[in-house]
Amino acid sequence: MRRTAGPSKVTPVILSGGTGTRLWPLSREAYPKQLLALAGDRTMLQDTASRVSDPKLFTKPMVVANHEHRFIIAEQMRALGLEDTTIVLEPFGRNTAPAAAVAALVAVASDPNAILLLMPADHVVRDPAAFRAAVERGLVAAHEGRLVLFGLKPTEPATGFGYIEQGDAHPTAPGSYSVKRFVEKPDRATAEGYVAAGTYLWNSGIFLLPAQALIDEFQKLDPGVLAAAKRSLDSAGRDLDFVRLGEEAFREAPSISIDYAVMEKTDRAIVVPADFAWTDAGSWSSLWDIGAKDRSGNVVAGETVIEDAKGCYIRGEGQLVAALGVEDLVIVATPDVVMVTTKGRDQDVKTLVNQVRAAGHASATETLRNHRPWGFFQSIHTGDRFQVKRITVKPGAKLSLQKHFHRAEHWVVVNGTALVTRDGEQVLLRENESVFLPLGCVHRLENPGKVPLNLIEVQSGSYLGEDDIVRYEDMYARVKDATDTQV
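Residues numbered from 1 in each chain as written. Predicted model: local features only at pLDDT ≥ 70, side-chain atom pairs only at ≥ 80, totals over all residues. Heavy atoms only, no water.

## Details of the environment of Val-353
Line of reasoning, step 1. Along the chain, the position of Val-353 falls in helix α11 (residues 349–358).
Line of reasoning, step 2. Once the C-alpha coordinates of Val-353 and Trp-24 are considered, the two residues, 329 residues apart in sequence, prove to be 7.4 Å apart. (Helix = DSSP H or I, 4+ residues; strand = E, 2+ residues; numbered from the N terminus.)

Written as structure tokens, this is what we have:
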């Protein structure tokens, strides 16, 4: 068996490409669950990065993410002091195997002995110390060229997780065991048998992988994934601090999980039983499981008023939720959607999203608040030939220098200070001051202050679509594509 050399630090690889459909309407394609603070004060992405922040054990993390979320992810990493995070951008989702192959190729380019810790960005781990201890146990097998999985002892006969049947103890890696087989999401009776047997573990979906050994296994077991990953890196471009994978090459990558592509076929798999408190935050009932409950078993968040409710998950984001005399419900309200289901049916929320999408509702994938590297904007009201928006610009940020062919704009500062460029002149605006931008003028909005700038924008014209923009200069080096058409 091939043995990797040297005690390289572990390179955390955070997979942030998912859309979290089952946590709709809070999680949406434009702003998925890993970017939200669902289980604490920090976002799930930030919690994942903080879990691997010990510099004695880990290098700086690598994040593999959808290109639409790049500025949000970079900002969240900077908030943790991780300005130099490597962020690899996928042009579209292709499941976890291509992402893992790309990460391995990137890692071995700078360290042939790299060990990857592959982690989804949407898991909740309540005991980071126990998590690190499990990683350290797995390192012995990983340095022997083994592909390490982390298995969790089941606390209930869950049917939403995959299982690993644990085999014999590994002779040279204490705390590691052979893998007898993998089982995908069993029915209730089968899961009860697994729990009773005591030899089955939940498959956490977290892997400790020698990068070169993973590349070798891809070459042997699914060479199409590896070939597409190599081509997409060969054609990759630099976009500020991002690595943007080649779109044409990445499109050729099969959409397959690392479990199916490699882990269930390889003879190098080893499982390390771990005892850290873990939750795959994939549904509203999983958030109810880990949430702080009142005397009646309710988990509430945001603006809520409840009376005689039992065992519910109730969340009000942007509007008040009032619940009376209900049991075992999930009620989630956002400014544009109210979703109600039972906890027993919350795994089917994604089918509801498909219906919303088929009906043409933007809420299936988009949020009312549209995030940009400089801040965000939100539509307040739309009518015949006009639209009213709120725009918030972060301190020191500025929009692109641009013009529109079909609309004029009127900006009114609510608070903060705005520096406006209009056809070569500059105007400084303070609270309650405004400026008119006629159709076709070249303009830019900038926040020169130290507090956020909030203003109201009134658009008027024959066409108000986000693609009516010509961009001349942009400090964020954005390309004009479907995600970057707005200011």
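## So, α11
Line of reasoning, step 1. By the burial criterion, the buried members of α11 are Val-349, Val-353 and Val-356. The buried side chains of α11 occupy one side of the element, clustering within an arc of 60° when seen end-on. Structural note: α11 exposes Gln-355 and Ala-358 on the side pointing more than 90 degrees away from its buried face.
Line of reasoning, step 2. Its buried side turned inward, α11 meets β17 (338–342). (Buried < 20%, exposed > 50% of the residue type's maximum accessible area, 1.4 Å probe, protein only. Arc of directions from axis to C-beta. Contact = heavy atoms within 4.5 Å.)

## A closer look at the packing of helix α3 (residues 96–110) against helix α6 (residues 211–221)
Line of reasoning, step 1. Running from N to C, α3 and α6 point in directions that differ by 130°, and their axes come no closer than 9 Å. When the interaxial angle is binned, α3 and α6 end up oblique. When you trace α3 past α6, the crossing you get is left-handed. Packed against α3, whose contacting residues are Ala-97, Ala-100, Ala-101, Ala-104, Leu-105, Ala-107 and Val-108, the element α6 presents Ala-211, Gln-212, Leu-214, Ile-215 and Phe-218 at the interface.
Line of reasoning, step 2. Grouping the constituent residues of the contact of α3 with α6 by class yields 11 nonpolar, one polar and no charged. (Axes fitted to C-alpha atoms, helices over the stretch in contact; angles between N-to-C directions. Parallel < 35°, antiparallel > 145°, perpendicular 65-115°, else oblique. Left-handed = near helix turned anticlockwise from the far one by under 90°. Nonpolar A, V, L, I, M, F, W, Y, C, P; charged D, E, K, R; others polar.)

## Looking at the confidence of the model for the chain
Line of reasoning, step 1. With 97% of its residues at a pLDDT of 70 or more, the chain has an overall mean of 92.
Line of reasoning, step 2. The model gives residues 480–486 a pLDDT under 50, and that stretch makes 25 contacts with residues more than four places away or in other chains. (pLDDT = per-residue confidence, 0-100.)

## Considerations on the sheet that holds strand β27 (residues 453–461)
Line of reasoning, step 1. Here six strands make up an open sheet; going across it, the order is β18-β19-β20-β27-β22-β25 and the pairing antiparallel. Both outer strands of the open sheet, β18 (369–372) and β25 (434–437), are each paired with one neighbouring strand and no more. Ignoring which end each strand starts from, the neighbouring axes of this sheet average 20° apart. (Pairing = 2+ DSSP bridges.)

## Quick look at the sheet that holds strand β15 (residues 313–324)
Line of reasoning, step 1. A sheet is described by the order of its strands in space; here four strands give the open sequence β14-β15-β16-β17, paired in mixed fashion. Each having just a single partner strand, β14 (299–307) and β17 make up the two edges of the open sheet. Averaged over all pairs of adjacent strands, the angle between strand axes in this sheet comes to 25°, irrespective of strand direction.
Line of reasoning, step 2. Looking at chain direction, β15 and strand β16 (residues 329–333) are connected through four bridges and run parallel. Counterpart to Ile-314 in the pairing with β16 is Ile-331.

## Some details on empty space enclosed by the protein
Line of reasoning, step 1. Taken as a whole and assessed by the stated rule, the structure comprises one cavity of 30 Å³ or more.
Line of reasoning, step 2. A volume near 30 Å³ is recorded for the largest cavity.
Line of reasoning, step 3. His-404, Arg-407, Ala-408, Glu-409, Leu-437, Pro-438, Gly-440, Cys-441 and His-443 are the residues that line the largest cavity.
Line of reasoning, step 4. The dominant element in the lining of the largest cavity, judged by the number of residues it contributes, is strand β22 (residues 407–415), at three residues.
Line of reasoning, step 5. Residues belonging to the lining of the largest cavity are distributed by class as follows: four nonpolar, three polar and two charged. (1 Å grid on protein atoms, 1.4 Å probe; cavity = no way out; pocket = protein on both sides within 12 Å on 5 of 7 lines; lining within 4 Å. Points joined across faces, edges and corners; volume = space filled by probe spheres on them.)

## Some thoughts on the side chain of Arg-471
Line of reasoning, step 1. By the element assignment, Arg-471 lies in strand β28 (residues 470–473).
Line of reasoning, step 2. Nearest to the buried, unbridged Arg-471 among oppositely charged side chains is Asp-474, at 4.4 Å.
Line of reasoning, step 3. Engagement of the side chain of Arg-471 in a polar contact is seen with the side chain of Ser-400, the distance being 3.1 Å. (Lys, Arg positive; Asp, Glu negative; His and termini not counted. Salt bridge = Lys/Arg side-chain N within 4 Å of Asp/Glu carboxyl O. Polar contact = N/O pair within 3.5 Å; in protein donor to acceptor, adjacent residues only side chain to side chain.)

## What to know about the packing of aromatic side chains
Line of reasoning, step 1. According to the stated counting rule, one finds 10 aromatic pairs in the structure shown.
Line of reasoning, step 2. Measuring from ring centre to ring centre gives 6.2 Å for Trp-202 and Trp-278, while their planes differ by 50°; the resulting arrangement is tilted. Linking Trp-202 in strand β9 (residues 200–210) with Trp-278 in strand β13 (residues 278–280), this pair joins segments that are 76 residues apart in sequence. Here the two residues Trp-202 and Trp-278 agree in accessibility, since each one is buried.
Line of reasoning, step 3. Cluster of aromatic residues (ring-pair linked, three or more members): Phe-71, Phe-242 and Tyr-476.
Line of reasoning, step 4. Here the basic side chain of Lys-293 rests over the ring of Trp-288, its NZ or CZ set 4.6 Å away from the ring centre.
Line of reasoning, step 5. In this structure, Lys-343 is placed above the aromatic ring of Trp-288, and the distance from its NZ or CZ to the ring centre is 3.2 Å. (Phe/Tyr/Trp six-rings, centres within 6.5 Å; stacked < 30°, edge-to-face > 60°. Lys NZ or Arg CZ within 6 Å of the ring centre and 35° of its normal.)

## With respect to the pairing of strand β12 (residues 269–274)
Look at any regular strand and the pattern is simple: side chains alternate between the two faces of the sheet.
Line of reasoning, step 1. Of all six residues in β12, five are buried; the element is thus mostly enclosed.
Line of reasoning, step 2. Direction of pairing for strand β8 (residues 177–183) relative to β12: antiparallel, over a ladder of two bridges. Along β12, the bridge assignment pairs Ser-178 with Ile-270.

## Some remarks on unusual backbone geometry
Line of reasoning, step 1. In this structure, the amide linkage connecting Trp-24 to the following residue, Pro-25, adopts the cis form with an omega of 10°.
Line of reasoning, step 2. Within the element layout of this structure, Pro-25 appears in the loop between β1 (10–16) and α1 (44–51).
Line of reasoning, step 3. In this model, Asp-423 sits at a positive phi of 50°, which is unusual for a non-glycine residue.
Line of reasoning, step 4. In this structure, Asp-423 sits in the loop between β23 (418–422) and β24 (425–429).
Line of reasoning, step 5. For Asn-432, which is not glycine, the phi dihedral falls at a positive 75°.
Line of reasoning, step 6. Secondary-structure assignment places Asn-432 in the loop between β24 and β25.
Line of reasoning, step 7. On the accessibility criterion, Asn-432 (65% relative accessible area) is exposed.

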